[in-house]
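Here is what each chain is made of, one letter per residue.
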Amino acid sequence: MSKKNIIFDMDGTILDSMGFWINLGRGYLMSIGVEPPKDLENIIYDMTLDESAYYFHNELGVNKTPKVILNEILDLIKYKYKNELKGKDNIVDLIKAEYNLGSEMCILTTSDYECAVQAMKRLNIFHCFKKIITSEILNMSKRTPEIYIKTCSIMGFKPEETIVYEDVLYAIKSAKEAGCYVIGVKDKSSYKDLDEIEKIADEVL
């Protein structure tokens, strides 16, 4: 088998972490003894972490400043990545196999750079990647193909010679529009979009 050019998403692709993100607000509130509203996930779905912190303080009466709330949430996120979030066995094994074949690989993630580093080191696959690239570093979104084109440029890849592993529909669409070969990775959080993912992706794992 020949070596490949590969871009891996992290959350929901390498890491089984989407459930943590979906339940992050609820988990934080319960950890400080505040009962979350039943529809909390819907309320904060489109909020940034800063906006969620203000909501917890102003609307739910959390007796801490929004800045303290935000820092505690960030500490919780860092702890989970460093210590707890599990890798998806089939993808971790795949990464190790591709590394042994000499494939050139990077991570493109919307999560924090240091969180990615800590999680990959814990899973013993940090050395497999040439780079960890974040949407924050690029100031770009996975909702547009340009982020994949830019990542290919950074890595010295041609998009048409690059494989992208992604789990969410909008990112799969963007990677396809960038001209990459896209492999959709099944995740519980995106099962509702599975039919559409199977239509768009070149393969689905």
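Thresholds, definitions, all that
- Residues numbered from 1 in each chain as written.
- Predicted model: local features only at pLDDT ≥ 70, side-chain atom pairs only at ≥ 80, totals over all residues.
- Heavy atoms only, no water.
- Pairing = 2+ DSSP bridges.
- Helix = DSSP H or I, 4+ residues; strand = E, 2+ residues; numbered from the N terminus.
- Contact = heavy atoms within 4.5 Å.
- Axes fitted to C-alpha atoms, helices over the stretch in contact; angles between N-to-C directions.
- Disulfide = S-S within 2.5 Å.

Novice: What exactly am I supposed to notice about the sheet that holds strand 4 (residues 162–166) here?
Specialist: Adjacent strands of a sheet form backbone hydrogen bonds with each other and so pair up, either parallel or antiparallel. On the basis of which strands lie adjacent, the open sheet formed by six strands has the order 3-2-1-4-5-6 and parallel pairing. Looking at strand neighbours, the two that pair on one side only are strand 3 (131–134) and strand 6 (203–204), the edges of this open sheet. Inspection of the sheet shows strand 1 (residues 5–8) paired to strand 2 (residues 104–109) by four bridges, in the parallel sense. Within strand 2, the position partnered with F8 by the bridge is I107. This element, helix 6 (residues 89–101), spans strand 1, strand 2 and strand 4 of the sheet and lies at about 150° to strand 1. Most of the contacts of helix 10 (residues 169–177) go to strand 5 (residues 181–184), to which it runs at about 165°, and overall it touches strand 4 and strand 5.

Novice: Teacher, can you tell me more about the state of the cysteines here?
Specialist: Structurally, a disulfide amounts to a covalent bond that connects the sulfur atoms of two cysteines. All chains considered together, the criterion is met by zero disulfides. Looking at the unpaired C106, the closest cysteine sulfur is the one in C152, lying at 7.7 Å. Left without a disulfide partner, C180 is nearest to the cysteine sulfur of C152, which lies 4.2 Å away.

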